[in-house]
Amino acid sequence: MGTLHILPQLITFFVLSVLIFKNHPSNAFFFHCNPHLPVLGRPIHPTDVELLQFALNLEYLETEWFLNGALGYGLDTVEPRLAGGGPVPLGARAARLDNVTREIIAEFGYQEVGHLRAIKSTVGGFPRPLIDLRAHVFAKIMDSAFGHNLDPPFDPYHSTINYLIASYLIPYVGLVGYVGASPNINGYISKGLLAGLLAVESGQDAVIRTFLYQRADEIVLPYKNLTVADFTTHISRLRNQLGSCGDKDEGILVDRSSGAERRTSSNVLSADGNSVAYRRTPAEILRIVYGTGDESRPGGFLPRGGGGTIATDMVRFRLKFHLN
């Protein structure tokens, strides 16, 4: 009975497969070099669009941060069409980087341009939101992370190590956002796009964390007794606090009880007890990026709020709630 029950589906699959091959005889090589596209299902499900467009908020932020940090100019120079006429970022400028770091950060910036193009060409998008990359925004985050005002205020553009510490703030948030979105993506084109984006975001975060791990015990001048590892630990704690959904973030050094298989204190790749990446929802992402701990109250890197339906609806809900 079980075989008879699924027989119609098997016949449909076989017939469709034959038709595909028959209609594209010159593409026989296709089946050896590319994944076989699903016969059933949608390329892009309607519910995928809002989730993938939401990711543009982080991609815009990363694009401007990396391009400006390495090159001194951003999307409006490299690929102005992708900015969609959105406002010019505040305070973005070149950082004092060593040559190797500058080359890598420039590569990251160009990769983010590609991410914007890939998302917008697949599901559309929205203009670049107002992004605030002024030094005092980062200084405020660091003050919150340590629970007191650093003296002098932290300047992310001052040196290579400062820039890398500031970079610790950004790609990881996008990474866990993609992991969080993945169970809710249904179309096979959408899934492929998300997987490709997640792979590169993970690589960027791993490179940044590796650079920081190599200098984990280094004092971050001019702050006495504050090491690179201290900065990552406090930033991760702040993100957990702002996210309000438990511990999903760890610095580059951890207790062995929290390391991979409880056998290492290194934490170059942040992950859970099974070494699986953490995930965050859009609401958690906004709480962190806004720096307010409230997905309906913009601030931080996106002072006017994020773009797209998901982000704008959260602000509208708050306004509607207060008006009523």
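## Some words on the overall build of the chain
Summing up its helical and strand segments, the chain has 14 helices and zero strands in all. From first element to last, N terminus to C terminus, the chain shows the α and β order α-α-α-α-α-α-α-α-α-α-α-α-α-α. As presented, the chain carries roughly 16200 Å² of accessible surface, and 58% of it is formed by carbon and sulfur atoms.

## Brief notes about the side chain of Thr 63
Tracing the backbone shows Thr 63 in helix H4 (residues 56–71). The exposure class of Thr 63 is buried, given its relative accessible area of 0%. At 2.6 Å, the side chain of Thr 63 forms a polar contact with the backbone oxygen of Glu 59. Once you skip the residues sitting within four places of it in the chain, Thr 63 turns out to touch Leu 75, Gly 109, Glu 112, Val 113 and Leu 116.

## Regarding unusual backbone geometry
The step from Asp 151 to Pro 152 runs through a cis peptide bond, and the omega angle for that step is 0°. On the secondary structure map, Pro 152 appears in the loop between helix H8 (135–146) and helix H9 (160–167). In this structure, Pro 222 follows Leu 221 across a cis peptide bond, with omega equal to 10°. A positive phi angle, close to 55°, is found at Glu 261, a residue other than glycine. Notably, Arg 262 is not glycine yet its phi reads approximately 60°, a positive angle. Inspection of the secondary structure assignment puts Arg 262 in the loop between helix H12 (228–243) and helix H13 (282–290).

Calculation notes
Residues numbered from 1 in each chain as written. Predicted model: local features only at pLDDT ≥ 70, side-chain atom pairs only at ≥ 80, totals over all residues. Heavy atoms only, no water. Helix = DSSP H or I, 4+ residues; strand = E, 2+ residues; numbered from the N terminus. Areas by Shrake-Rupley, 256 points an atom, 1.4 Å probe, with all protein chains shown as cover. Buried < 20%, exposed > 50% of the residue type's maximum accessible area, 1.4 Å probe, protein only. Polar contact = N/O pair within 3.5 Å; in protein donor to acceptor, adjacent residues only side chain to side chain. Contact = heavy atoms within 4.5 Å.

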